[in-house]
Amino acid sequence: MSIVTVQLGQCGNQIGHEVFNAICGDVRGTHGLCSKKENESYRNACIERFFSEEESEVPVARAVLVDMEPKVISQTLSIAARSGYWKYGDRSHFCQKQGSGNNWANGYSVHGPRHKEVIMDLIQKEAEKCDRLGGFFTLMSMAGGTGSGLGAFVTQCLRDAFPTSFVLNHVIWPYGTGEVIVQNYNSVLTLSHLYQSSDALLVHENDAIHKICAQLMNIKQISFRDVNQVIAHQLGSVFQPAYTAESGSCYSRNPLGDLMETLVPHPEFKMLGVRNIPQMPENSLAYSTFSWPGLIKHLRQMLIANAKMEEGIDWQVRPPRLGSSIPSSHSTNKPPRFNTSIANLVILRGKDTHNVDLGSFRDPSLYTSWLNPGDAFNAWKTPRAFKKYEKSASLVSNSQFLLKPLDSVVGKAWNMFASKAYIHQYTKFGIEEEDFLDSFTALEQVISSYTIL
Amino acid sequence: RSGGDGPDVYKGKICSLKARALLIDMEEGVVNEILQGPLRDVFDSKQLITDVSGSGNNWAVGHKLYGYQYREDIVEKLRKIAEHCDCLQCFFIIHSMGGGTGSGLGTFVLNLLEEEFPEVYRFVTSVYPSGEDDVITSPYNSVLAMKELNEHADCVLPIENESLFDIVNKIHQMINSGKLGSTVKQNSLITSSAGSAKTGQEKPFDAMNNIVANLLLNLTSSARFEGSLNMDLNEISMNLVPFPRLHYLVSSLTPLYTLADVNVPSRRMDQMFSDAFSRDHQLIQADPKHSLYLACALLVRGNVQVSDLRRNIERLKPSLHFVSWNQEGWKTGLCSVPPVGHSHSLLALANNTCVKPTFIELKDKFMKLYRKKAHLHHYLHIDGMEQNCFSEAVLSLSDLIEEYNELDATEGGPRTDPPRLKIAV
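Keep in mind it's a predicted model, so treat the numbers as computed, not measured.

Novice: I'd love a proper account of the overall build of chain A, names of residues and values included.
Specialist: Across its full length, chain A carries 15 helices and 13 strands. Computed over its C-alpha atoms, the radius of gyration of chain A comes to 21 Å, within 12% of the 22 Å expected for a compact globule of 453 residues. Each of the three principal axes of chain A carries a C-alpha extent, and together these read 60 × 60 × 45 Å. Relative to its 453 residues, chain A shows a buried fraction of 62%. Put simply, of all contacts in chain A between residues at least 6 apart along the chain, 80% involve residues at least 24 apart. Carbon together with sulfur atoms contributes 50% to the accessible area of chain A, which is approximately 17,000 Å² in total. Where the 42 positive side-chain charges of chain A centre and where its 43 negative ones centre are 5 Å apart.

Novice: Before we move on, could you go through helix 9 (residues 306–316) of chain B and cite the residues and values that matter?
Specialist: Of all the 11 residues making up helix 9 of chain B, 8 are buried; the element is thus mostly covered by neighbouring parts of the structure. Those residues of helix 9 of chain B that sit buried are V306(B), S307(B), D308(B), L309(B), R310(B), N312(B), I313(B) and L316(B).

Novice: Quick rundown of the domain arrangement of chain A? Include the residues and the values.
Specialist: Residue and element names in this part refer to chain A. When the domains of chain A are assigned, the result is domain 1 (2–273), domain 2 (282–321 + 336–402) and domain 3 (404–452). Put simply, the middle of domain 1 and the middle of domain 2, counted by C-alpha atoms, are 24 Å apart. Taken residue by residue, the interface counts 43 residues in domain 1 and 33 residues in domain 2. Interface of domain 1 and domain 2: buried area, both sides summed, is about 3,300 Å²; carbon and sulfur atoms make up 64% of it. Across the contact surface, domain 1 and domain 2 share 2 salt bridges. Its salt-bridge partner being D26, residue R384 comes within 2.8 Å of it at the nearest N-O pair. On inspection of domain 1 and its partner domain 2, the count reaches 14 residue pairs in polar contact (both at pLDDT 80 or more). Elements supplying a minimum of two residues to the side of domain 1 that touches domain 2: helix 1 (9–29), helix 2 (36–50), strand 9 (200–205), helix 7 (206–216), helix 8 (224–239), helix 9 (255–263) and strand 10 (271–277). When its residues are assigned to classes, the side of domain 1 that touches domain 2 shows 25 nonpolar, 13 polar and 5 charged.

Novice: I'd like a description of the pattern of salt bridges, backed by residues and values.
Specialist: Under the counting rule described, the total for this entry stands at 35 salt bridges over all chains. Linking R420(B) and D407(A) is a salt bridge whose minimum nitrogen-to-oxygen distance equals 2.8 Å. Of the two residues, R420(B) is situated in the segment after helix 12 (387–410) and D407(A) in helix 13 (residues 403–418); the pairing between them involves two chains. The salt bridge involving K331(B) is made with E235(B); its shortest N-O contact spans 2.8 Å. Of the two residues, K331(B) sits in strand 10 (residues 330–335) while E235(B) sits in helix 7 (residues 233–240), which places them 96 residues apart along the sequence. Taken as a pair, K331(B) and E235(B) share a single burial class, namely buried. Through salt bridges that share partners, K351(A), E390(A) and K391(A) make up one connected network.

Novice: Just give me the short version of the state of the cysteines, but keep the residues and values in it.
Specialist: A covalent bond bridging the sulfur atoms of two cysteines is what the word disulfide describes. Taken as a whole and judged by the stated rule, the model has 0 disulfides over all chains. Free cysteine: C24(A), not disulfide-bonded; nearest cysteine sulfur from C46(A) at 7.5 Å. Unpaired in terms of disulfides, C95(A) finds its nearest cysteine sulfur in C87(B), a separation of 11 Å.

Novice: Please provide a residue-by-residue account of helix 8 of chain A, values included.
Specialist: End to end, helix 8 of chain A covers 22 Å across 16 residues, agreeing with the expected 22 Å (1.5 Å per residue, within 8%). Most of helix 8 of chain A is tucked away, with 14 of its 16 residues classed as buried.

Novice: Explain the packing of aromatic side chains to me, using residue names and the numbers behind them.
Specialist: Residues and elements named next belong to chain B. This structure, assessed with the given rule, holds 40 aromatic pairs over all chains. Considering the side-chain rings of F91 and F117, the 5.2 Å spacing of their centres and the 65° angle between planes classify their relative orientation as edge-to-face. Remark: F117 occurs in the loop between helix 3 (101–116) and strand 6 (121–128) and F91 occurs in strand 5 (residues 90–96); sequence separation between them is 26 residues. Exposure class is identical for F91 and F117. Each is buried. Here F277 and W330 contribute two aromatic rings whose centre-to-centre distance is 5.9 Å and whose plane-to-plane angle is 65°, an arrangement assigned as edge-to-face.

Cut-offs applied
- Residues numbered from 1 in each chain as written.
- Chains lettered and ligands numbered in written order.
- Predicted model: local features only at pLDDT ≥ 70, side-chain atom pairs only at ≥ 80, totals over all residues.
- Heavy atoms only, no water.
- Helix = DSSP H or I, 4+ residues; strand = E, 2+ residues; numbered from the N terminus.
- Rg over C-alpha atoms; globule rule 2.2 N^0.38 Å.
- Buried < 20%, exposed > 50% of the residue type's maximum accessible area, 1.4 Å probe, protein only.
- Contact = heavy atoms within 4.5 Å.
- Areas by Shrake-Rupley, 256 points an atom, 1.4 Å probe, with all protein chains shown as cover.
- Lys, Arg positive; Asp, Glu negative; His and termini not counted.
- Charge placed at Lys NZ, Arg CZ, Asp CG, Glu CD.
- Domains from an automatic or database assignment.
- Buried area = accessible area lost by both parts, 1.4 Å probe.
- Salt bridge = Lys/Arg side-chain N within 4 Å of Asp/Glu carboxyl O.
- Polar contact = N/O pair within 3.5 Å; in protein donor to acceptor, adjacent residues only side chain to side chain.
- Nonpolar A, V, L, I, M, F, W, Y, C, P; charged D, E, K, R; others polar.
- Disulfide = S-S within 2.5 Å.
- Expected span 1.5 Å × (residues − 1).
- Phe/Tyr/Trp six-rings, centres within 6.5 Å; stacked < 30°, edge-to-face > 60°.

Structure follows, in structure tokens:
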């Protein structure tokens, strides 16, 4: 099954390019430490998923690029083509000249309706090229105007036009200390709207990735390109082909569906976080060895202590003792810094994945009480290594990972809203105070739901 | 681009590009000089509106008399220029406040732009009269113009000659100081037109005007060149104007020059950020560090990455006072291409209550004249000009000052965040 990627705004397009690069690089670069047959299988599954092989020599990414100003798309297209290994379709992009001015209302209420037909037409064409459509993967940031506002509008259109397809939104959480002054408004509006039409939101936080670049990757002068490459690496490690329990001897053909099924049992809970281990500069890999027990132990602690990376994990955090559960709305018996999960997915890639002990992830005390632990945890595996990592593990988690960031963004936005600052910029394009209030209400509901897990 | 298939740039000289500009003056001297100078091919006669006698430093003559007279001509020429644009995003209005034409006719054009092109942003670069201004009526002209700026501009960048003059002097001292002076790269001077097309003798205001030219270059750099975090002009207005009338931005530019042989990259870069918050680099006389920031934008050019930005914001934040509802009110842009002669540069734009004293002083000077009705008759005998134009203008200015006062007042007391919405569980 194939996934159609929709890249929205500067951030979405810059990241999208790195994602396709990472995926292509992984497939091309190594034999993946497995048999030739396995490697062939992997490559074919990956290509079917993300690329179409047309008469042109190089694979063409199944992607639609959208931006309201031309510079980023034009750069993205040319850099991709120059690589010689893959490219974007010649007519798979749409851009304007005006930009959205960091204004969600402009993106959503003006650009959206104005360009709906053209954009949906491009997406439709891309969808028709797939033998079997596995769903849509959108890339956007919450902070700006196009990715956020137009992105929310396009997601709605996707849901309307493809009611039975999966829609996964990848959302970039901006740095806490401003990239954009009105980023909290834009974020609140984006999240509340996406929650209505999207199946799940997969989130990467700029602050967290920045730390990974600084401390794990040892990069001195960190650029957005560095940040985007780490994000692309993490996404690649999630979306490259893997075997699920049900897929038997073939690579899973429905990655988005599988993801939704395992991780989103209830529509109130759609916020997914990603963790990846090990994460290090590639040229250090040769000097490091890893054991699966070590990797799994660290990954599990990253989950329950809500650590963003494998350094600086708080090992003091422990799951609560079961049996003393009090059915109250406030989980007073749960340790305060403990991260409760609804569902988790671990993906193992590389050597000896078949007999890795994942029992620690099945521990019922990690989860809320409403799913069977058997259902709450799933594992995907493949003997084919990802890039140069002999062993690597990823975690996609529907848990309280994003509760604090969400609460923080809503708090700051509310604070600003109380003073009515910048509101005139939004009402100018048709988003009224009432719309803001609706969004705040929706998100307070989500916060509340995640808090009482 | 004017017609013809020839190259746009030949041997380093622009041959077939025309400025998207309209030059308006009610005297001919300045415009004629431009048309005879090295930029003559960049402008053509269809882009000019001139007259002979000038406006006599009288806002009413500029706004009411010439405005009425030239209205149709201006509209027609604007439409022609706009037709050449695939996508018209914004107008830059460049004028002074203290005289008659720039101030009066300039604000008339501002009004016109809002009427004819309501969706296009209006950025105004205004030169405010300095302390020892020798135009007696400049307070009248400035306050009358301020009302127009309050109501019809999206963003105003006030400039004061005193600041420009100080920057020029600082550079002269740098160059002539002997030891370090010889290592200054000539073409990196913010006052130098060495990188531009001009040749020949420099006039007294040229150095000062070059600074303003650099301001506009930096402002538009992200729209003209690529970068990892683009900042368009409409984003500036969106992020820096929290309330419609509070749209006056303090600008500061760094570096003023580049030393040729100093090669300590990261220290030099951090110094650049510090300088942007030093009064020596501002284009108006004001004290943002001791007033309240409503918002701040940093437009960076050159080999600067997001980690450099974040490091410096963290470093400088503690010494700046931001309003309670915008504690992290930073807007940032990264453009890959530095200005000529530099490896990187920074333009800081601040929406800060420190502009209040400037406006209060303006109002005081106005009242000094107005109370005695000095020179009023020069204005009132112009058709369309009445006493209440004056009273409305000073009221508009007073209201603006009051808005800044209210913001300053709120920041003294204890801070409590507004209670969040409660959800039924």
